[in-house]
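Below are the chains, spelled out letter by letter.
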Amino acid sequence: MSESEPRDPSRGRGLTAAVVCAGVVLVNVDLFIVNVAVPSIAETWPDADLADLSWILNGYAVVFAALLVPAGRLADRSGHRTVFLRGTALFTLASVLCAAAPGVGWLVGARLLQAAGAALLMPSSLGLLLTSYPPERRAAVVRVWTAVGGVAAAVGPVVGGLLAEPGWRWVFLVNVPIGVAAVAVGMRVLPVGPPAGERGPLPDLLGSALVTVGIGALALGLVKADDWGWASPRALAAWAVFAVAAAWFVVRTARHPRPVVEPALVRVRAFGVAGVASVLFGLAFAGMLLGITLWAQGAWEWSALRTGLAVTPGPLLVPPTAILAGKWAVRMGPGPLAVVGGVLFAGGTLWWAATLEVDSGYASSMLPGMMLTGLGVGLMLPTLVAAAVTALPQEHAATGSGVVTMLRQLGSVLGVSLAVVVLGTPAVGSAAADDFDRVWYLLAGASLAASAVSVLLAGGRRGGAPEDAEAAYRAGEARSAVPETADRS
């Protein structure tokens, strides 16, 4: 049962959208401003190397990814309003703790709390929107939701650069007034949830813990392998933890009645394809953000503000591209748009490989690559989210959006980790231009792989008929039904 709507639907939808957008802005701005601030954070603690600092990004991404699906289920069970408000409040409190960090360990720990808040906030935000609008407008709502994130991403680098100038702690404090306002207004205007008797069961929290431990171990092994040695006991232990956690997760997913990733979801073709493409493109996207920031502030020795301004043209192209892509998708389907998006993104990173030098100019080297990657993101990300969510029945939309975003975040962890591996662990930004070229080639390959997978979306639905989504999900559910004797612990 969907959450009840206000008495005046149009006014209620507008107020709900405004509060939800504030939460989405919080999470998306934070992604970009923290990336821009990493070199400034390194100056505060010069003993920390790039592998240590990468956990400011990776720790957040791992927890965010692992909790997204349980958070989506919790939103479906307890009500999107309740989960959204709690997530926004936790994110805001954690931002204060990040700003007060006395060391890298504290900052990473506070970022984990921030990620938990973001995980509660994001799927419930989309759930609030989807239950406030009729089914035939779901694809459009998803694209607007994604476009809002794109607008936030567009201003994020500049805001991050401005705030990092007086001190990186302001990068986190800026979240506080927005979060407080969203909670205060949301308590008054957001639609209430379903009656307690109609709420579903709790999600598989142990499965989420396995994702956290497994992906965290993989990232740790990757970023510390140069320091420890690739065949050292500690590195081998990290690989072993990842392998055990991954195997346990697969077995648990097959047997548990409420797994983190329902087999029925994966068996919906459009959803499964979008999920795989999201992992690959998430790798490329996160690696690009970290790599270009380190290049600008390291190789070119630019300030955080100048770096933020230089990065902005790419994110600025995302919202209008996403909106146009929504219109094109109606006519041609999601597959071609995603394919073109991945190719454009790869073209941007390959342009950097060919032109970025210590003495090259911004307009001729960095700017064209930023614009190509921005176009690629605008075509790829909203198309994958819309293709996945519209392939499912409405009551599974929050969970479905959580799964896709989770997969993209897992790709992000791999992107940051692999960028650190390729660049090594010297002082931030001091890696040679050849090392950065290898990063650009790696990211181009991941983006092109996402395009290749997205070809399978070409045969998918164009109109997004709700009855087709229901039939596809039920068919997948039937093929992956859990026997009565299955483990229900």
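Parameters at a glance
- Residues numbered from 1 in each chain as written.
- Predicted model: local features only at pLDDT ≥ 70, side-chain atom pairs only at ≥ 80, totals over all residues.
- Heavy atoms only, no water.
- Helix = DSSP H or I, 4+ residues; strand = E, 2+ residues; numbered from the N terminus.
- Buried < 20%, exposed > 50% of the residue type's maximum accessible area, 1.4 Å probe, protein only.
- Contact = heavy atoms within 4.5 Å.
- Areas by Shrake-Rupley, 256 points an atom, 1.4 Å probe, with all protein chains shown as cover.
- Salt bridge = Lys/Arg side-chain N within 4 Å of Asp/Glu carboxyl O.
- pLDDT = per-residue confidence, 0-100.
- Expected span 1.5 Å × (residues − 1).
- Phe/Tyr/Trp six-rings, centres within 6.5 Å; stacked < 30°, edge-to-face > 60°.

(A) Quick peek at the overall build of the protein chain. Assigned secondary structure in the protein chain consists of 18 helices and zero strands. For the protein chain, buried positions account for 58% of its 489 residues. Of all intrachain contacts in the protein chain linking residues separated by at least 6 positions in sequence, the fraction that spans at least 24 positions is 86%. In the form shown here, the protein chain has an accessible surface area of approximately 18200 Å², with 67% of it arising from carbon and sulfur atoms.

(B) Layout of the pattern of salt bridges. One pass over the full model with this rule turns up five salt bridges. Note that Asp435 and Arg438 form a salt bridge whose closest N and O atoms lie 2.2 Å from each other. With a gap of three residues between them, Asp435 and Arg438 both fall in helix α17 (residues 433-454), about one helical turn apart. Judged by relative accessible area, which is 16%, Asp435 ranks as buried. Judged by relative accessible area, Arg438 falls into the partly exposed class, the value being 46%.

(C) Structural view of the confidence of the model for the protein chain. Averaged over all residues, the pLDDT of the protein chain is 82; the fraction at 70 or higher stands at 84%. When pLDDT is averaged over each helix and strand of the protein chain, the minimum, 51, is found for helix α18 (residues 466-479) and the maximum, 95, for helix α14 (residues 334-355). Below pLDDT 50 for its whole length, residues 426-431 participates in twelve contacts with residues either more than four positions away or in separate chains. Predicted confidence for residues 482-489 stays below pLDDT 50, and this span has 13 contacts to residues more than four positions away or in other chains.

(D) Helix α9 (residues 233-255), seen in detail. Its 23 residues give α9 an end-to-end C-alpha distance of 33 Å, which sits within 8% of 33 Å, the value for a rise of 1.5 Å per residue. All of the buried residues along α9 are Ala235, Ala238, Ala245, Phe249, Arg252 and Thr253. Residues of α9 that are buried sit in contact with α8 (205-228) and α10 (263-266).

(E) Highlighting the packing of aromatic side chains. Inspection of the entire model under this criterion finds eleven aromatic pairs. Their ring planes at 80 degrees and their centres at 5.2 Å tell us that Trp295 and Phe436 sit as a pair that is edge-to-face. Taken as a pair, Trp295 in helix α11 (residues 269-299) and Phe436 in helix α17 lie far apart in primary sequence, 141 residues in all. Both residues of the pair, Trp295 and Phe436, belong to the buried class. Between Phe436 and Trp440 the ring centres are 6.1 Å apart and the planes differ by 35 degrees, which places this aromatic pair in the tilted class. With a gap of four residues between them, Phe436 and Trp440 both fall in helix α17, about one helical turn apart. In this structure, Phe436 and Trp440 share a single accessibility class: buried. Pairwise contacts between aromatic rings join Trp295, Trp300, Trp302, Trp352, Tyr362, Phe436 and Trp440 into one cluster.

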